[in-house]
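Descriptive structure summary
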Amino acid sequence: MNVDNATIEQAAADCERDGYCVIRGFFPVDEIDRIRQRVQRYIDEVVPTIPSRYVMMKDNDDLNSLFRLEGMDQFDSWFKYLTVDERLASLTRKLLNDDFVTRRVEMFGKGLRVDTPTPPHQDGYYFMLKPNNALTHWFPLDRADEENGCIRYVVGSHKKGMRDHEVSDVFGFSLGLVDYGDEDEADCVAVIVDPGDLICHHSLTIHRADGNPSDRKRRAIGVVHYGASCRQDKQAADAHSKNVHARWAQQGKQ
Ligand SMILES: O=C(O)CCC(=O)C(=O)O
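Quick notes on the rules
- Residues numbered from 1 in each chain as written.
- Predicted model: local features only at pLDDT ≥ 70, side-chain atom pairs only at ≥ 80, totals over all residues.
- Pairing = 2+ DSSP bridges.
- Helix = DSSP H or I, 4+ residues; strand = E, 2+ residues; numbered from the N terminus.
- Axes fitted to C-alpha atoms, helices over the stretch in contact; angles between N-to-C directions.
- Buried ≥ 20, exposed ≤ 12 C-beta atoms within 10 Å, placed from the backbone.
- Parallel < 35°, antiparallel > 145°, perpendicular 65-115°, else oblique.
- Left-handed = near helix turned anticlockwise from the far one by under 90°.
- Contact = placed C-beta atoms within 7 Å.
- Nonpolar A, V, L, I, M, F, W, Y, C, P; charged D, E, K, R; others polar.
- Near = placed C-beta within 6 Å.
- Expected span 1.5 Å × (residues − 1).
- Core = buried A, V, L, I, M, F, W, Y, C linked by C-beta atoms within 7 Å.

With that out of the way, let us pick up the sheet that holds strand β13 (residues 207-209). Strands in a sheet are paired, the pairing made by backbone hydrogen bonds, and the direction either parallel or antiparallel. Here we have four strands laid out as an open sheet, ordered β5-β13-β8-β11, and antiparallel in their pairing. Both edges of this open sheet fall to β5 (118-121) and β11 (188-190), since each of them pairs with a single strand only. Neighbour-to-neighbour, the strand axes of the sheet open up by a mean angle of 25°, direction not taken into account.

Counted residue by residue, strand β7 (residues 134-140) has seven buried out of seven residues, so it is predominantly covered. Neither face of β7 is open: one carries Ala134, Thr136, Trp138 and Pro140, the other Leu135, His137 and Phe139, and all of them are buried. The sheet contact formed by β7 and strand β14 (residues 218-227) spans seven bridges and is antiparallel. Residue pairing in the sheet places Phe139 in a bridge with Ile221 of β14. Where β7 and strand β12 (residues 198-202) come together, four bridges link them in antiparallel fashion. Within β12, the residue paired with Trp138 across the bridge is Ile199.

So, on to the packing of helix α1 (residues 5-18) against helix α5 (residues 86-96). Interaxial distance between α1 and α5 falls to 9 Å at its minimum, and their mutual angle equals 40°. What the angle tells us is that α1 and α5 run oblique. Of the two elements, α1 crosses α5, and the hand of that crossing is right-handed. Contacts between α1 and α5 involve Ile8, Ala11, Ala12 and Cys15 from the first element and Ser90, Leu91, Lys94 and Leu95 from the second. Residue composition of the contact of α1 with α5, grouped by class: six nonpolar, one polar and one charged.

Of note, Asp210 is situated in the loop between β13 and β14. Residues Asp210 and Thr118, 92 residues apart in the sequence, show an inter-C-alpha distance of 6.2 Å. When near neighbours in sequence (up to four residues on either side) are disregarded, Asp210 contacts Pro117 and Gly149.

Let us look at unusual backbone geometry. The amide bond that connects Lys130 to the next residue, Pro131, takes the cis arrangement and shows omega of -10°. Relative to the helices and strands, Pro131 resides in the loop between β6 (129-130) and β7. Positive phi outside glycine occurs at Asn97, with the angle close to 55°. The topology assignment puts Asn97 in the loop between α5 and β4 (100-110).

By nearness alone, every residue bordering the ligand is listed as Phe108, Thr118, Asp123, Thr136, Trp138, Ile151, His207, Ala209, Ala220 and Gly222. Sorting the residues of the shell around the ligand by element identifies β7, β13 and β14 as the ones contributing at least two each. For the shell around the ligand, the per-class residue count stands at five nonpolar, four polar and one charged.

For the rest of this paragraph, the subject is helix α2 (residues 29-46). Taking 1.5 Å of rise per residue, the 18 residues of α2 would be expected to cover 26 Å, and the 25 Å separating its terminal C-alpha atoms lies within 8% of that figure. As for α2, its buried residues are in contact with β4 and β14.

Right, let's talk about the sheet that holds β14 for a bit. Reading across from one edge, β1-β12-β7-β14-β4-β3-β2 is the order of the seven strands in this open sheet, with antiparallel pairing throughout. One side of each edge strand has no neighbouring strand; the edge strands of this open sheet are β1 (20-23) and β2 (55-57). Taken over all neighbouring pairs, the strand axes of this sheet differ in orientation by 15° on average, direction set aside. Docked against the sheet, α1 engages β1 and β12, running at close to 150° with respect to β1.

Burial analysis of β4 places eight of its 11 residues in the buried class, the great majority of the element. Here β4 runs beside β14; their pairing, made up of 10 bridges, is antiparallel. Of the residues in β14, the one forming a bridge with Arg104 is Val224.

With that out of the way, let us pick up the nonpolar core. Core analysis: the largest hydrophobic core is formed by 50 residues, its most contacted members being Ile151, Ile199 and Cys200. Of the residues forming this core, the biggest block, five residues, is contributed by β14. Look past the residues within four positions of Ile151 in its chain and what remains in contact with it is Trp138, Ala144, Val191, Ile199, His207 and Ala209.

Dropping the structure here:
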């Protein structure tokens with residue numbers, strides 16, 4: 001679909017109020033089919049050729065446990081179209097109230113009966129930007145609902161600033177909120193989406209997801225954009241990334 005102004009305005013109002021927005025039927029279903037095919041090709045042909053830190057599996061011998069493909073646009077130029085796509089770009093500029101630079105395209109997966117949760121976190125904590133103005137587009141390749149680990153947002157949390165995070169023991173998610181509690185959970189809503197739908201969330205919005213005890217996959221693509229006016233503490237961000245990967249390597253995870 002072309003994104004018309006009314007849709008963009010509504011998305012911006014929702015995102016400003018809640019910290020996230022959902023646009024139903026944003027992508028034609030045949031486009032999602034093509035992306036699924038390219039993800040499969042990526043797994044078959046690209047994954048064997050790239051460093052393991054860009055391919056995260058809970059168990060390296062079990063493809064069903066694959067939960068993250070990082071930097072897909074870096075290793076397969078086909079995915080770059082998502083970083084310049086004018087439908088997403090016009091939405092991003094409006095929601096960030098700024099021009100943008102793309103951080104990366106990634107896949108978030110939850111395989112069948114892989115009951116690993118996504119800890120509550122704010123993306124901005126590890127983006128290390130000033131001001132903290134970034135946006136993630138998250139869209140499902142499979143229906144995502146309460147049974148297979150859909151994303152859950154703490155409504156309005158983007159207005160309450162950055163919270164403290166600590167090292168998370170969930171492999172692949174380096175940090176989680178220190179003090180996520182009942183009050184947060186009371187404001188937390190499960191966002192059920194079908195292939196074609198698009199979610200956008202701000203880098204200060206607290207979000208989490210349950211594991212996937214079901215017999216259905218839950219795969220999604222994430223495209224992260226930073227506001228062009230933000231400055232990143234690159235040294236701190238690189239040091240954090242290095243530490244995290246060293247820790248996972250020590251645990252035999254990479
Ligand atoms: O897909 C997930 O479970 C996590 C996604 C996420 O944390 C994000 O897009 O920032």
